[in-house]
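# Structural features, examined
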Amino acid sequence: MSTHEQNLVLAVNAGSSSLKISLYSLAHGSPDSEPVNLILTASISNISAPPATFSFKPNSNDASRIKDEPVDSIKDHASAFAHFVERLQGHADVDKNRIRYICHRVVHGGDYNEPVEINKQSYEHIEKLSDLAPLHNGAALSVIKACISDLPNAKSVAYFDTTFHRSIPLHISSYAIDQKIAKERGLKKYGFHGLSYAFILRSVSRYLDKPPESLNLIVLHLGSGASACAIKSGNSLDTSMGLTPLNGLPGATRSGSIDPSLIFHYTNKAGRITHDPSMAAHVGVTMAEDILNRKSGWKAITGTTDFGVITEKAQLEDPDPELAARNPNRLAFDLFVDRILHYVGSYHLKLNGEVDALVFSGGIGERSLQLRNVIAERVGCLGYAAVEKDKNENVKSGGVVVDISTAPQGSEQNGRAKRVLVCKTDEQLEMARECAIDKRFW
């Protein structure tokens, strides 16, 4: 097989119970166009809660699609990927041997500052970091193993969410602890959702027709895992997640930032707050992370991980300030809003009030018009443009970036209009794009 024929790039995004896959071919268009063309997408959901469901969507209009097909044979991420490879050839008639590179989203990269090809050394390094991103790194490693087995002719490359945040200044990434121990153990803020933030920065830059290095943005990646990021002059200045993805905003099953001592009172034998040593329970790292990563968040408050359901039941039209005490869905919604505002306000100050746009993204950020409306209304006091109702309700029909604010063109204050945007992020495309333009690989 010639190198010319082996021109496909597979991008794989492993979640704790899901797998998203996109297949691209190299493009040969103008320098301003995307370096890859989408061939198809696939997704597997409910991997840890069978039956898993499989969806398959070729990009061509005449190709048949599969949506939410139950697959009993999928038991883990490895069998999920094997099922995709089987369908790739059988359903889409794509020769798997044409895949040259497989791009893997790996949440925690430690001190890796650029994508790395998977070999024994890099695999073991990622494996050691799994405890710092327990909901994702383990799943990514499982898929990497499956790729090496099922696609032996392709090379696997790890793309790290932490890479985007390597520009965070030392005084922001450091914790107020013994610095000798911190350096020895790598205890610092790493930040996550970096592939998403890189895609958003590039997309907003193109939309506003401004170079990335000129932009100041506050970006909200809101999904079952949620974070915020302050981007100054095109670089990450600060982000809400820290040493692990647990810090910052709450998520579907994550607590977000809490008082560090809470876990000891949460688990003690007294059933109340006490400093009595005899009432203390032994709480290891594993138990603490299980409680705060998997048994917290808005599911712990409401019983569901679906923020759409929470929004529907939150009675948002009722202004009663005491409603959250009676309605757990309203409590979860208001709590999420409060924590988001905390970071937006903080980052607004860190950017000296000079912000080009507040950007919503992620599954919730892109779909929840109610959340966008509430947040935008609250930040109006900082000079952000109001949200236009029709634009906010019709985001789905717009492009990659949609301006939902009322700010007219030319309304910039000090060159920055404080627009409110929605960006439909695409971590798979970001990986494939980076792979296609990386001269080390071609």
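Reading guide: rules and limits
Residues numbered from 1 in each chain as written. Predicted model: local features only at pLDDT ≥ 70, side-chain atom pairs only at ≥ 80, totals over all residues. Heavy atoms only, no water. Helix = DSSP H or I, 4+ residues; strand = E, 2+ residues; numbered from the N terminus. Polar contact = N/O pair within 3.5 Å; in protein donor to acceptor, adjacent residues only side chain to side chain. Contact = heavy atoms within 4.5 Å. Pairing = 2+ DSSP bridges. Axes fitted to C-alpha atoms, helices over the stretch in contact; angles between N-to-C directions. Buried < 20%, exposed > 50% of the residue type's maximum accessible area, 1.4 Å probe, protein only. Arc of directions from axis to C-beta. Parallel < 35°, antiparallel > 145°, perpendicular 65-115°, else oblique. Left-handed = near helix turned anticlockwise from the far one by under 90°. Nonpolar A, V, L, I, M, F, W, Y, C, P; charged D, E, K, R; others polar. Salt bridge = Lys/Arg side-chain N within 4 Å of Asp/Glu carboxyl O.

## Thoughts on the side chain of Arg-416
Its location among the elements puts Arg-416 in the loop between strand 13 (401–403) and strand 14 (419–423). For Arg-416, the side chain forms a polar contact with the main-chain oxygen of Ser-214, separated by 3.0 Å. Engagement of the side chain of Arg-416 in a polar contact is seen with the side chain of Asp-356, the distance being 2.6 Å. Excluding residues that lie within four positions of it along the chain, Arg-416 makes contacts with Ser-214, Leu-215, Asn-216, Glu-354, Val-355 and Asp-356.

## Points about the sheet that holds strand 2 (residues 19–26)
Pairing in this open sheet of eight strands is mixed, and the strands run 5-4-3-2-1-6-8-7 from one edge to the other. Unpaired on one side and paired on the other, strand 5 (66–71) and strand 7 (116–117) mark the two borders of the sheet. Those strands touched by helix 1 (residues 77–92) are strand 1 (8–14), strand 2, strand 3 (36–45), strand 4 (52–58), strand 5 and strand 6 (99–106), and its axis lies near 35° from that of strand 4.

## Observations regarding helix 2 (residues 120–128)
In an α-helix, one turn spans 3.6 residues; hence positions three or four apart end up facing the same way. Taken together, the buried positions of helix 2 are Ser-122, Tyr-123 and Ile-126. Axial view of helix 2: buried residues confined to an arc of 100°, hence all on one face. Of the exposed residues in helix 2, those oriented more than 90 degrees away from the buried face are Lys-120, Gln-121 and Lys-128. Of the residues that open helix 2, the one with a side-chain oxygen 3.1 Å from the backbone nitrogen of Gln-121 is Asn-119.

## A closer look at the packing of helix 2 against helix 3 (residues 137–150)
The geometry of helix 2 relative to helix 3 is characterised by a closest axis approach of 9 Å and an angle of 155° between their N-to-C directions. The orientation of helix 2 relative to helix 3 falls into the category roughly antiparallel. For the crossing formed where helix 2 meets helix 3, the hand is left-handed. The segment helix 2 lies against helix 3, with Tyr-123, Ile-126 and Glu-127 engaging Asn-137, Leu-141, Ile-144 and Lys-145. Across the contact of helix 2 with helix 3, the residue classes break down as four nonpolar, one polar and two charged.

## Some details on the pattern of salt bridges
Scanning the entire structure with this criterion turns up 25 salt bridges. With a closest N to O distance of 3.1 Å, Glu-34 and Arg-202 form a salt bridge. Pair noted here: Glu-34 is in the loop between strand 2 and strand 3 and Arg-202 is in helix 6 (residues 194–208), with a separation of 168 residues, a long-range link. Arg-416 is the salt-bridge partner of Asp-356, the closest N and O atoms lying 2.6 Å from each other. One end of the pair, Asp-356, is in the loop between helix 12 (328–350) and strand 12 (357–361); the other, Arg-416, is in the loop between strand 13 and strand 14, and 60 residues separate them in sequence. Asp-356 sits in the buried class, given a relative accessible area of 2%. Overall, Arg-416 belongs to the buried group, its relative accessible area being 16%. Each of Glu-34, Arg-202, Arg-206, Glu-430 and Arg-433 takes part in one network of salt bridges that share partners.

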